[in-house]
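Below are the chains, spelled out letter by letter.
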Amino acid sequence: MVDDIRLVRELGQDTPLARLDELDGAYARLMAAATARPESAPAPRRRRRFVLAFGLPGLVAAAVAAVLVFGPLDGGRPDAAHAEAAVVLHRAAAAALTVPDVEPRPDQFYYVRSQFGTVENEVWLSMDGRHDGYSSEAGHPGEPWPACVDGRQQAYDKYGKLLVGVTQECQPRPAYRPELPDTADGMFTYLNGLAETSPQDTRANYIAKTAMEMMEWTYLRPKVRAALFEALGRVPGLTVVRDVTDGSGRAGVGIGWDPGSGAQYVLVFHPTTFAYLGMRTFGAILQVAVVDRAGQQP
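Residues numbered from 1 in each chain as written. Predicted model: local features only at pLDDT ≥ 70, side-chain atom pairs only at ≥ 80, totals over all residues. Heavy atoms only, no water.

Participant: Any chance you could explain unusual backbone geometry here in plain terms?
Facilitator: Note on backbone geometry: most residues besides glycine have negative phi, and most peptide bonds are trans. If you check the backbone angles, Asp150 has positive phi at about 55° while not being a glycine. On the secondary structure map, Asp150 appears in the loop between β4 (143–145) and β5 (152–156). (Helix = DSSP H or I, 4+ residues; strand = E, 2+ residues; numbered from the N terminus.)

Participant: Would you mind showing me how to read the pairing of strand β9 (residues 265–269) here?
Facilitator: Regular strands place their side chains on alternate faces of the sheet. With five of five residues buried, β9 is to be regarded as a mostly interior element. With five bridges joining them, strand β8 (residues 251–257) and β9 adopt antiparallel strand pairing. Note that in β9 the partner of Val253 across the bridge is Phe269. Where β9 lies against strand β10 (residues 276–279), three bridges are found, and the strand directions are antiparallel. By the bridge assignment for β10, Val268 is matched with Gly278. Where β9 folds back onto β10 in an antiparallel hairpin, the turn is made up of six residues, including Phe274, whose phi is positive at roughly 65°. (Buried < 20%, exposed > 50% of the residue type's maximum accessible area, 1.4 Å probe, protein only. Pairing = 2+ DSSP bridges.)

Participant: Even after reading the chapter, I still don't get the side chain of Thr210, so can you show me in this structure?
Facilitator: Counting through the fold element by element, Thr210 comes out in helix α7 (residues 200–217). Overall, Thr210 belongs to the buried group, its relative accessible area being 13%. With residues up to four places along the chain from it excluded, the contact list for Thr210 reads Leu191 and Leu194. (Contact = heavy atoms within 4.5 Å.)

Participant: Would you take a moment to explain the state of the cysteines for this structure?
Facilitator: Here, disulfide denotes a covalent bond that connects the sulfur atoms of two cysteines. For the coordinates displayed, the defined rule picks out one disulfide. The partner cysteine of Cys148 in its disulfide is Cys170, sulfur to sulfur 2.0 Å. Between Cys148 and Cys170, the disulfide has an S-S torsion of 90° and is therefore right-handed. Taken as a pair, Cys148 in the loop between β4 and β5 and Cys170 in the loop between β6 (162–169) and α6 (184–194) lie far apart in primary sequence, 22 residues in all. The pair formed by Cys148 and Cys170 is uniform in burial state, with each residue classed as buried. (Disulfide = S-S within 2.5 Å.)

Participant: Before we go on, may I ask you to explain the pattern of salt bridges in this structure?
Facilitator: Here the structure, examined in full by the defined rule, presents eight salt bridges. With a shortest N-O distance of 2.8 Å, Arg221 and Asp101 are connected by a salt bridge. Highlighted residues: Arg221 in the loop between α7 and α8 (222–232) and Asp101 in the loop between α5 (80–96) and β1 (109–116), separated in sequence by 120 residues. Between Arg250 and Asp246 there is a salt bridge; the shortest N-O distance is 2.7 Å. (Salt bridge = Lys/Arg side-chain N within 4 Å of Asp/Glu carboxyl O.)

Participant: Quick question: what am I supposed to make of α8 here?
Facilitator: Each full turn of the α-helix corresponds to 3.6 residues, which orients residues three or four apart in the same direction. Among the eleven residues that make up α8, ten are buried, leaving the element largely enclosed by the rest of the structure. Buried within α8 we find Pro222, Val224, Arg225, Ala226, Ala227, Leu228, Phe229, Glu230, Ala231 and Leu232.

Participant: Explanation requested: the environment of Pro178 in the structure shown.
Facilitator: You can see Pro178 is positioned in the loop between β6 and α6. Between the C-alpha atom of Pro178 and that of Pro104, which follows or precedes it by 74 residues, the distance is 9.7 Å.

Participant: Even after reading the chapter, I still don't get the packing of α6 against α8, so can you show me in this structure?
Facilitator: When two helices pack together, their arrangement is captured by the angle between the axes and the distance separating the axes. Two elements in contact, α6 and α8, have axes separated by 8 Å at closest approach and are oriented at 65°. One element, α6, and the other, α8, form an angle in the roughly perpendicular class. The two elements α6 and α8 meet at a crossing, and its hand is right-handed. Contact residues: α6 offers Ala184, Met187, Phe188 and Leu191, while α8 offers Val224, Ala227, Leu228, Glu230 and Ala231. (Axes fitted to C-alpha atoms, helices over the stretch in contact; angles between N-to-C directions. Parallel < 35°, antiparallel > 145°, perpendicular 65-115°, else oblique. Left-handed = near helix turned anticlockwise from the far one by under 90°.)

Participant: I keep staring at the sheet that holds strand β3 (residues 133–137) and nothing clicks. Help me out?
Facilitator: Backbone hydrogen bonds are what pair the strands of a sheet, in a parallel or an antiparallel way. The antiparallel open sheet is built from nine strands, whose spatial order is β4-β3-β2-β1-β11-β10-β9-β8-β7. The two strands at the open ends of the sheet, each matched to only one other strand, are β4 and β7 (239–245). Taken over all neighbouring pairs, the strand axes of this sheet differ in orientation by 25° on average, direction set aside. Here β1 runs beside strand β11 (residues 283–291); their pairing, made up of seven bridges, is antiparallel. Following the sheet pairing, Ser114 is matched in β11 by Ile285.

Next up, the structure:
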């Protein structure tokens, strides 16, 4: 099996991955071969069919990775739907690695421009959490995001008005966390550690929601973002959602899961480049950047 896997990887190095519409039908055959019982056929013949049956080296290489590297939390076998979702996330990870890598300074800000429906929002998040940030919604006054310094931050009322001389306790919320793992194994271990106190039947949902929040509110350098997508591909219960749009109406391919509330949450990726577009439920990410001050346009 090791030799076969090496052969598949070598075949796939110079062959682009198949389009998503080419994946339909292949997964059923893939999973039938991958999950066949040993007694169903002689081992050498089964391995040969597993590698050569599809005629798409790039697809097979990605699919083998999904079956043999990604796995559910309980150690069971992934089904065809999960394998397909893992391949989409694998391609999203590859797309993340094409983005220029910028290491921010502690005094800089993570700028995010997003949209839900017809409303655009902008937010400037302090990279170290120790500098005042800012948020702005089209047609409304902006709101300050007070810094947290030595466990205290400036207090504002619910309308965003400064309460002179009043501070409140706080926990720093830096937008950039250089300690985050930049490998799939490390990220998956990290996410599982966060979910240790969750019941087993909700751990997958907890991990998926945590990953979603990280993508929305944390500046992730390319290797870390790629590791997050690869780790998310190991979470059971994920499915591919076709004909989906993000919060701004852009069409894409979705990765969905049910967080336990009965409403499916969906991450949306570009249908051909697999760049992350945003959430179907919460909005679209239109632009991100590293800037020097709150309120600065990229």
